[in-house]
Number of protein chains: 2
Amino acid sequence: MRAQVSKKALNEGVGMLERIIPARNSNPLLTALKVDATERGLTLSGTNLEIDLSCFVAAEVNEQAAFVVPAHLFAQIVRNLGGELVELEHSGNELAVRAGGSEFKLQTGDLSAYPPLSFPDHVDTTLDAAELAKALSSVRYAASNEAFQAVFRGIKLEYRGGQARVIASDGFRLALRDFAAHGDGQNLILPARSADELVRVLRDGEVRLAYGEGALGVTTDRVRMNVKLMDGDFPDYERVIPRDIKLQVRLQAAALKEAVSRVAVLADKNANNRVEFLVSEGTLRLATEGDYGRAQDTLTVEQAGDEPAMSLGFNAKYVLDALGPIDGAAELLFSGSTSPAMFRAVEGGGYLAVVVPLRV
Amino acid sequence: MRAQVSKKALNEGVGMLERIIPARNSNPLLTALKVDATERGLTLSGTNLEIDLSCFVAAEVNEQAAFVVPAHLFAQIVRNLGGELVELEHSGNELAVRAGGSEFKLQTGDLSAYPPLSFPDHVDTTLDAAELAKALSSVRYAASNEAFQAVFRGIKLEYRGGQARVIASDGFRLALRDFAAHGDGQNLILPARSADELVRVLRDGEVRLAYGEGALGVTTDRVRMNVKLMDGDFPDYERVIPRDIKLQVRLQAAALKEAVSRVAVLADKNANNRVEFLVSEGTLRLATEGDYGRAQDTLTVEQAGDEPAMSLGFNAKYVLDALGPIDGAAELLFSGSTSPAMFRAVEGGGYLAVVVPLRV
């Protein structure tokens, strides 16, 4: 088999797969990238057993062939190639890669032992790719990377009549984002790490979803993906969203982020980086205290609500995470010193964060 | 003591000291930054016992004072401050830092226990700061960070009648750079890690050197530095510089760097990343071979010298390091398959690298 392919396109495709395919694995087969050459071009695929990914690269191909190559070496070779056009030639158990004055002879692996990857052909529902990516990115921080309870390492996607919602929580905080959906679909839980990879391949246009056995098929114009889903029940998150708001303040999210970062330097690392929020008379005073001294910062805010003043302690990192997806003005909604607080954008946009205050 | 100081200037000064002062040390005193306030401004100083550094920041100060603060915390606080002007107020064992709506109260340390730092007042010789920085940066890679023999962790500065030269070697390769000097000075060996810090504080203008007891005093317009020197004899490096050049090639340094990086992907990590250089008939062919396959790259070169062809093996990393400081066209001078090779810029510039080929 001989193929002529654009270096840029090949590099993009291989680069996406390189992220998924493990560099080292107790099963070396999993470190391989599979190439299927047909007259239309090259289909590159790989898996980490959580995600199967496949992407198509247009190429001039003289005959059908299929082979596997060490993914990370192949990616490095392609990335460093000079020129615009790459020639691939597969024969026996060797792949030649040629471009400019360079030639690489790469040993191919055992194709027959490579696990079969199959991607669903049907479409159950569609979402806007950019909206889904934005929603997943906005709530990702609230999912845990280590939590003992698996479900806290997941992001839930649910449908709510014309709207889709993604939700993540690690038990101490919660983030959700609503966005418009065409029609309805199945509720499901994606591993947060798989959501990270999904976000990376989503661009503009439509993303097509197909429901399979414990897996979600995802198709865009560029790639096909199978993502293993998580079992189990996502916690009843709605009950932690406070309904009875006693005090609310508005201020620029950027100013609050800066001030929290500033005073957090002196916060006590052994006391959850506690930063005190004291609201009264149109000001928000932030205060921290630790082994080396203490800090405070005073911000002017628009204040509303029945309570004239309130004092709450937060983990500085949680506040910064919650404010992360908010541009422009932010709204902080307090329901009491020890009750969950909400952070959201004044301009809306479907994003909401809930943070539980630290105990006194 | 109260002082008004520009945030930018304070941040720059504290930032330089933050690099030197250890974040953690078995002697916590060493993690402190010392502030001496006089009517002219603030002198900030610190040490890591290898380097003492001091820098002056203009400020409006109402009375003399001296105190020590935790360096890295103070640096973080200053960096995050809003506004353009900072107010410092020292009283008792507390330093208040105020800017915009923020106030920090930082506990000061035990001034009496802080080691006295003194910087020489005299000047023995001067060098161009930018030239010295460029020379040190060019040869730094050739000094070892771990070598058993201490002298290989140093960079030698020597004077050669109107010229200064810096030399570094780890026993396997050598780099040197000559540059113009005003007059003469003492030969000395700087620890390479201290040279890294020296490079960071050098800008334009003149650098004034003062020779002390086992130490070099360095003064620029912005900072004063004391650098501990290394004892011992630097190896007689001139004998490894080949005199009898049998074959030489010219080509663009960038093209060679790219080609070496490219083929090095398949080089054998367990065989010193060996890349074969084969020169003949106006071409340089690079070839590597490893567990996963083999690679080659062919470059057109200008070839000269008595030998019509030569084959040498190099550690790819050493070749890339040696080419690093060369812009434009490079000249490779070979004295035999097993004799040291030289790499230098065609345009000159005083830089020379010597790399010993790998054995067959």
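This is a predicted model, so every value here is computed, not measured. (Residues numbered from 1 in each chain as written. Chains lettered and ligands numbered in written order. Predicted model: local features only at pLDDT ≥ 70, side-chain atom pairs only at ≥ 80, totals over all residues. Heavy atoms only, no water.)

Topic: the overall build of chain A
Helix and strand counts for chain A come out as 6 helices and 26 strands. Dimensions of chain A, computed from C-alpha atoms along their principal axes, come out at roughly 80 × 50 × 35 Å. By the burial criterion, 52% of the 360 residues in chain A qualify as buried. Within chain A, contacts between residues at least 6 apart in sequence are counted, and of these 65% link residues at least 24 apart. Chain A carries 38 positive and 48 negative side-chain charges, and their two centres are separated by 4 Å. (Helix = DSSP H or I, 4+ residues; strand = E, 2+ residues; numbered from the N terminus. Buried < 20%, exposed > 50% of the residue type's maximum accessible area, 1.4 Å probe, protein only. Contact = heavy atoms within 4.5 Å. Lys, Arg positive; Asp, Glu negative; His and termini not counted. Charge placed at Lys NZ, Arg CZ, Asp CG, Glu CD.)

Considering the sheet that holds strand β13 (residues 173-180) of chain A
Residue and element names in this part refer to chain A. Pairing within the open sheet is antiparallel, and its 9 strands lie in the order β14-β11-β12-β13-β26-β25-β24-β18-β22. The outermost strands of the open sheet, each flanked by one partner alone, are β14 (188-191) and β22 (302-304). Neighbouring strand axes in the sheet, compared pairwise and without regard to direction, differ in orientation by 20 degrees on average. Where strand β11 (residues 154-159) and β14 come together, 4 bridges link them in antiparallel fashion. Directly across from G154, in β14, lies its bridge partner P191. Contacting β11 and β14, helix α4 (residues 192-201) runs over the sheet at an angle of about 80 degrees to β14. Strands β18 (247-252) and β24 (329-334) of the sheet are contacted by helix α5 (residues 253-264), whose axis makes an angle of about 95 degrees with β18. (Pairing = 2+ DSSP bridges. Axes fitted to C-alpha atoms, helices over the stretch in contact; angles between N-to-C directions.)

Description of the sheet that holds strand β7 (residues 85-91) of chain B
The strand order across the open sheet formed by 9 strands is β23(A)-β19(A)-β20(A)-β21(A)-β9(B)-β8(B)-β7(B)-β1(B)-β5(B), and the pairing between neighbours is antiparallel. Looking at which strands have only one partner, the edges of the open sheet turn out to be β23 (309-315) of chain A together with β5 (60-61) of chain B. Note that strand β20 (residues 283-290) of chain A and strand β21 (residues 293-300) of chain A share 8 bridges and pair antiparallel. Looking at the pairing, A:L284 lines up with A:L299 of β21(A). Helix-sheet contacts for helix α6 (residues 316-323) of chain A involve β19 (274-280) and β23 of chain A, and the interaxial angle to β23(A) is about 95 degrees. Each of β7, β8 (94-99) and β9 (102-107) of chain B is contacted by helix α2 (residues 71-80) of chain B, which is oriented at about 175 degrees to β9(B), the strand it contacts most.

Quick word on the nonpolar core
In this structure, A:L42, A:F277, A:F334, B:L42, B:F277 and B:F334 are the most contacted members of the largest nonpolar core, which totals 216 residues. By size, the runner-up hydrophobic cluster in this structure holds 15 residues, among which are B:A147, B:I189, B:M230 and B:I241. (Core = buried A, V, L, I, M, F, W, Y, C linked by side-chain atoms within 4.5 Å.)

Notes on the packing of aromatic side chains
All names here are of chain A. Across all of its chains, the model carries 6 aromatic pairs over all chains by this definition. Grouping aromatic residues by their ring pairs yields a cluster made of F277, F314, F334 and F343. Residue placement shows R173 over the ring face of Y318; its charged tip is 3.9 Å from the ring centre. (Phe/Tyr/Trp six-rings, centres within 6.5 Å; stacked < 30°, edge-to-face > 60°. Lys NZ or Arg CZ within 6 Å of the ring centre and 35° of its normal.)

What about the relation of the copies chain A and chain B?
Superposing chain A onto chain B takes a rotation of 180 degrees plus a shift of 0.0 Å along the axis, which leaves an RMSD of 0.0 Å. Expressed as a symmetry operation, the mapping of one chain copy onto the other fits a two-fold axis. A share of 100% of the interface residues of chain A reappears at the interface of chain B, consistent with the copies meeting face to face through the same patch. (Least-squares fit on C-alpha atoms with pLDDT ≥ 70 in both.)

Describing unusual backbone geometry
The backbone of A:L49 shows a phi angle near 75 degrees, a positive value even though the residue is not glycine. Secondary-structure assignment places A:L49 in the loop between β3 (41-47) and β4 (51-58). The backbone phi angle of B:N272 is positive, close to 55 degrees, even though this residue is not glycine. Structurally, the position occupied by B:N272 is in the loop between α5 (253-264) and β19 (274-280). Its relative accessible area of 43% is what places B:N272 among the partly exposed residues.

Thoughts on the UniProt feature "domain: DNA polymerase III beta sliding clamp C-terminal" (unreviewed entry) in chain A
Mapped onto the present numbering, the UniProt feature "domain: DNA polymerase III beta sliding clamp C-terminal" (unreviewed entry) falls on residues 239-358 of chain A. Within the segment residues 239-358 of chain A, helix and strand shares are 17% and 46% respectively, and the terminal C-alpha atoms sit 19 Å apart. (UniProt positions renumbered as here; feature names shortened; annotations may be inferred.)

What about the interface of chain A and chain B?
Facing 28 residues of chain A, the contacting portion of chain B comprises 28 residues. For the pairing of chain A and chain B, the buried interface totals around 2,400 Å² over both sides, and the portion due to carbon and sulfur atoms is 52%. Counting the surface chain A buries against chain B, the share from its top three residues, A:R262, A:V265 and A:R294, is 25%. One can count 2 salt bridges joining chain A with chain B. Close ionic contact of A:R294 with B:E94 constitutes a salt bridge, the shortest N to O distance being 2.9 Å. If you look at where chain A meets chain B, you find 16 residue pairs in polar contact (both at pLDDT 80 or more). Elements with a minimum of two residues in the side of chain A that touches chain B: α2 (71-80), β9 (102-107), α5 and β21 of chain A. Looking at the side of chain A that touches chain B residue by residue, the class counts come to 11 nonpolar, 10 polar and 7 charged. Of the pairings in the sheet, the one linking β9(A) to strand β21 (residues 293-300) of chain B comprises 5 bridges and is antiparallel in character. In the strand pairing of β21(B), A:L106 is matched with B:G293. (Buried area = accessible area lost by both parts, 1.4 Å probe. Salt bridge = Lys/Arg side-chain N within 4 Å of Asp/Glu carboxyl O. Polar contact = N/O pair within 3.5 Å; in protein donor to acceptor, adjacent residues only side chain to side chain. Nonpolar A, V, L, I, M, F, W, Y, C, P; charged D, E, K, R; others polar.)

Thoughts on the packing of helix α1 (residues 7-20) of chain A against α2(A)
All names here are of chain A. Two elements in contact, α1 and α2, have axes separated by 9 Å at closest approach and are oriented at 150 degrees. When the interaxial angle is binned, α1 and α2 end up roughly antiparallel. Our pair here, α1 against α2, has a crossing hand that is left-handed. Side by side, α1 and α2 meet where K7, L10, N11, V14 and E18 of the first sit next to H72, F74, A75, V78 and R79 of the second. Residues belonging to the contact of α1 with α2 are distributed by class as follows: 5 nonpolar, 2 polar and 3 charged. (Parallel < 35°, antiparallel > 145°, perpendicular 65-115°, else oblique. Left-handed = near helix turned anticlockwise from the far one by under 90°.)

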